[in-house]
Amino acid sequence: MIILKEVQTKKELKAFVEFPFELYKGSPYWVPPIISQEMEVFNKDKNPIFNNAKAHLFVALKNNKIVGRIAIIINSLDLKQSQNKIRFGWFDVVDDIEVTKTLLNKVNTIGKQHNLEYMEGPIGFSNLDKVGVLTEGYDHIGSMITWYNHPYYVNHLEKLGLIQEKEYQENKFPFSNVKPEFFKRINNLVKKRYGLHPLNFTKTKDLMPYVDQMFDLFNNSYSELASFVEITERQKDYFKKKFISFINPEFIKFVMDENDNMVAFAVVMPSFAEALQKANGKLFPFGFLHLLKAKKKCETVSFYLIGVEPKYKNKGVTAIIFNEYYETLKPMGVKNCIRTPELEENYASHQIWKHFDAKTYKRRKTYRKDLE
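Note that the structure is predicted; figures quoted are calculated from it, not measured.

1. Notes on the overall build of the protein chain
Phase 1 of the analysis: Looking only at helices and strands, one finds 13 helices and 14 strands in the protein chain.
Phase 2 of the analysis: Dimensions of the protein chain, computed from the C-alpha atoms along their principal axes, are close to 70 × 45 × 40 Å.
Phase 3 of the analysis: Put simply, the protein chain has 372 residues, and 55% of those count as buried.
Phase 4 of the analysis: Restricting the contact set of the protein chain to residue pairs at least 6 apart, pairs at least 24 apart contribute 77%.
Phase 5 of the analysis: Accessible area of the protein chain: about 17,600 Å², with a carbon and sulfur share of 49%.
Phase 6 of the analysis: A distance of 4 Å separates the average location of the 55 positive side-chain charges in the protein chain from that of its 44 negative side-chain charges.

Structure follows, in structure tokens:
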């Protein structure tokens, strides 16, 4: 018999967070989160997303042992955009379709109680959360900003009548593919034509005054995507503390116009995948040392976000960004570049990378089903 239990206590939340550690134990591809940080995501007193969202966390038990988990999310910002959906994420199960069925039935029940029309997942609270179930690329190491899963997840979802909602691709290319001559020429032309200039940083405190502008530009440049959920004012402060201070300041680039208005931004992160595997969910006693080492010396970097003011799209502004990154990353000895999941329909983003001969090495999907 499969029993569903809603997470109520800190101890139960810890068990919810730690379930994948058992499920993927020994996997060379799964990248564990930091347990304390993952628990903070669901702390209503710390995460401002709960001003706009509700979350119900459940674990599935069989013979008194956790065999599955799910977060069921209602984001009021979805409803503002006429997306009458209930989200599900943090979805992990053993290879037993009855467990998956039990968890998704709960999504259906809660969705119906709130008069919603369909479910979609796996997705988080917003665009800055992890997204999608992996459908290709199971034999590649994951990252700190993506979920990993076994192949049977897809079989479970499709057998239970869920269909594809969105598809994402993940791409990579060797740093040697970067041809600086092209970007230097375009970079100079674009700066002169539009009166633009880059901003680079070596200290986090110096870039912080620009971060609100960056999030505003993120909202503006990503608003046309089907999956978009805006970042609120309170979330800006949260992300500043949680993420910006964690990223090398030289890995964040801004492009400004003559009036110091931001027209483009990009965020790159060192690959923390192997460091997180060594940390195995804990910052202490040695986990933070592995992360610090990865931050200081990295051969692989992840292009996390790129945003361009709509009126500057297709005007070569990204050449300024890539030129600045080339000057930053080459002396560091970076060898590989990976891109975080991008919607298949995000053709503007795909065009940005056309000169790098990137290879798609992973795909992932979100699935949907009408509520019954």
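Let's pick the thread back up.
2. Here we look at the pairing of strand β4 (residues 85–93)
Phase 1 of the analysis: With 9 of its 9 residues buried, β4 lies for the most part within the structure.
Phase 2 of the analysis: Relative to β4, strand β3 (residues 65–75) is paired through 5 bridges, and the arrangement is antiparallel. For I73, the partnering residue across the bridge sits in β4 and is R87.
Phase 3 of the analysis: Between the parallel pair β4 and strand β5 (residues 118–121), the chain is carried across by helix α4 (residues 97–113), and the sense of this crossover is right-handed.

3. So, a nonpolar patch on the surface
Phase 1 of the analysis: On the surface, F284, F286, F288 and L289 cluster together into a nonpolar patch covering about 440 Å² of accessible area.
Phase 2 of the analysis: Within the secondary structure, F288 sits in helix α11 (residues 287–296).
Phase 3 of the analysis: Relative accessible area serves as the criterion here: at 35%, F288 is assigned to the partly exposed category.

4. Section: the packing of aromatic side chains
Phase 1 of the analysis: According to the stated counting rule, one finds 34 aromatic pairs in the structure shown.
Phase 2 of the analysis: Taken together, a centroid distance of 5.5 Å and an interplanar angle of 70° make the contact between F201 and F254 edge-to-face. With F201 in the loop between β8 (197–199) and α7 (204–207) and F254 in strand β9 (residues 252–256), this residue pair connects regions lying 53 residues apart in the sequence.
Phase 3 of the analysis: Residue classification places F254 among the buried positions, given a relative accessible area of 1%.
Phase 4 of the analysis: Taking 4.9 Å as the distance between ring centres and 75° as the angle between the ring planes, the aromatic pair formed by F322 and F356 counts as edge-to-face. With F322 in helix α12 (residues 317–329) and F356 in the loop between α13 (347–352) and β14 (359–370), this pair connects stretches of sequence that are 34 residues apart.
Phase 5 of the analysis: Through a chain of ring-to-ring contacts, three or more aromatic side chains come together here, namely F173, F182, F183, F303, F322, Y325, W353 and F356.
Phase 6 of the analysis: In this arrangement the basic side chain of R69 is found over the ring face of F16, its NZ or CZ atom lying 4.9 Å from the centre.

5. Here we look at the packing of helix α8 (residues 211–222) against helix α9 (residues 233–242)
Phase 1 of the analysis: Look at α8 against α9: their axes get within 10 Å of each other, and the N-to-C directions meet at 125°. One element, α8, and the other, α9, form an angle in the oblique class. Crossing handedness for the pair α8 and α9: right-handed. Of α9, the residues touching α8 (which contributes V211, D212, F215 and D216) are E233, K236, F239 and K240.
Phase 2 of the analysis: Of the residues belonging to the contact of α8 with α9, the class tally is 3 nonpolar, no polar and 5 charged.

6. Topic: helix α1 (residues 10–23)
Phase 1 of the analysis: Between its first and last C-alpha atoms α1 spans 21 Å; for 14 residues at 1.5 Å apiece the expected length is 20 Å, and the two agree.
Phase 2 of the analysis: Of all the bends in α1, the greatest, near 35°, is centred on V17, and the proline P20 appears no more than four residues after it.
Phase 3 of the analysis: For α1, the full list of buried residues reads L13, F16, V17, F19, P20, F21 and L23.
Phase 4 of the analysis: The inward-facing, buried residues of α1 abut α2 (35–41), β2 (53–62), β3, β4 and α5 (152–159).

7. Overview of the nonpolar core
Phase 1 of the analysis: With 72 residues, the main nonpolar core has M214, F254, F265, V301 and F303 as its most contacted residues.
Phase 2 of the analysis: Residues within four places of M214 in sequence aside, it is in contact with I244, F254, M262, F265 and V267.
Phase 3 of the analysis: Within the second largest apolar cluster, 54 residues are counted, among which are V41, I86, V107 and F125.

8. Observations concerning the environment of K297
Phase 1 of the analysis: By secondary structure assignment, the location of K297 is in the loop between α11 and β11 (300–308).
Phase 2 of the analysis: Assessed through its relative accessible area of 63%, K297 is described here as exposed.
Phase 3 of the analysis: Along the sequence, K297 and S271 sit 26 residues apart, while their C-alpha atoms lie 9.8 Å from each other.

9. Considerations on the pairing of strand β10 (residues 262–270)
Phase 1 of the analysis: Where burial is concerned, most of β10 is hidden: 9 out of the 9 residues are buried.
Phase 2 of the analysis: Where β9 lies against β10, 5 bridges are found, and the strand directions are antiparallel. Directly across from F254, in β10, lies its bridge partner F265.
Phase 3 of the analysis: Joining the antiparallel neighbours β9 and β10 is a turn of 5 residues, in which D260 adopts a positive phi near 60°.
Phase 4 of the analysis: Relative to β11, β10 runs antiparallel, the two sharing 7 bridges. Across the sheet, residue P270 finds its bridge partner in β11, namely V301.

10. Re unusual backbone geometry
Apart from glycine, the bulk of residues carry a negative phi angle, and the bulk of peptide bonds sit in the trans form.
Phase 1 of the analysis: Cis peptide bonds are those with omega within 30 degrees of zero, and the linkage from G121 to P122 qualifies with -5°.
Phase 2 of the analysis: The step from F284 to P285 runs through a cis peptide bond, and the omega angle for that step is 10°.
Phase 3 of the analysis: Residue placement: P285 occurs in the loop between α10 (273–279) and α11.
Phase 4 of the analysis: Despite not being glycine, N63 has its phi angle at roughly 55°, a positive value.
Phase 5 of the analysis: The exposure class of N63 is exposed, given its relative accessible area of 73%.
Phase 6 of the analysis: Positive phi, normally seen in glycine, also occurs at N115, with a value near 60°.
Phase 7 of the analysis: Mapping N115 onto the fold places it in the loop between α4 and β5.

About the criteria used
Residues numbered from 1 in each chain as written. Predicted model: local features only at pLDDT ≥ 70, side-chain atom pairs only at ≥ 80, totals over all residues. Heavy atoms only, no water. Helix = DSSP H or I, 4+ residues; strand = E, 2+ residues; numbered from the N terminus. Buried < 20%, exposed > 50% of the residue type's maximum accessible area, 1.4 Å probe, protein only. Contact = heavy atoms within 4.5 Å. Areas by Shrake-Rupley, 256 points an atom, 1.4 Å probe, with all protein chains shown as cover. Lys, Arg positive; Asp, Glu negative; His and termini not counted. Charge placed at Lys NZ, Arg CZ, Asp CG, Glu CD. Pairing = 2+ DSSP bridges. Right-handed = clockwise from strand over helix to strand, strands pointing away. Patch = residues over 30% accessible without salt bridge, like charges linked within 9 Å, V, L, I, M, F, W, Y side chains within 5 Å. Salt bridge = Lys/Arg side-chain N within 4 Å of Asp/Glu carboxyl O. Phe/Tyr/Trp six-rings, centres within 6.5 Å; stacked < 30°, edge-to-face > 60°. Lys NZ or Arg CZ within 6 Å of the ring centre and 35° of its normal. Axes fitted to C-alpha atoms, helices over the stretch in contact; angles between N-to-C directions. Parallel < 35°, antiparallel > 145°, perpendicular 65-115°, else oblique. Left-handed = near helix turned anticlockwise from the far one by under 90°. Nonpolar A, V, L, I, M, F, W, Y, C, P; charged D, E, K, R; others polar. Expected span 1.5 Å × (residues − 1). Bend = angle between axes of the 7 residues up to and from the residue. Core = buried A, V, L, I, M, F, W, Y, C linked by side-chain atoms within 4.5 Å.

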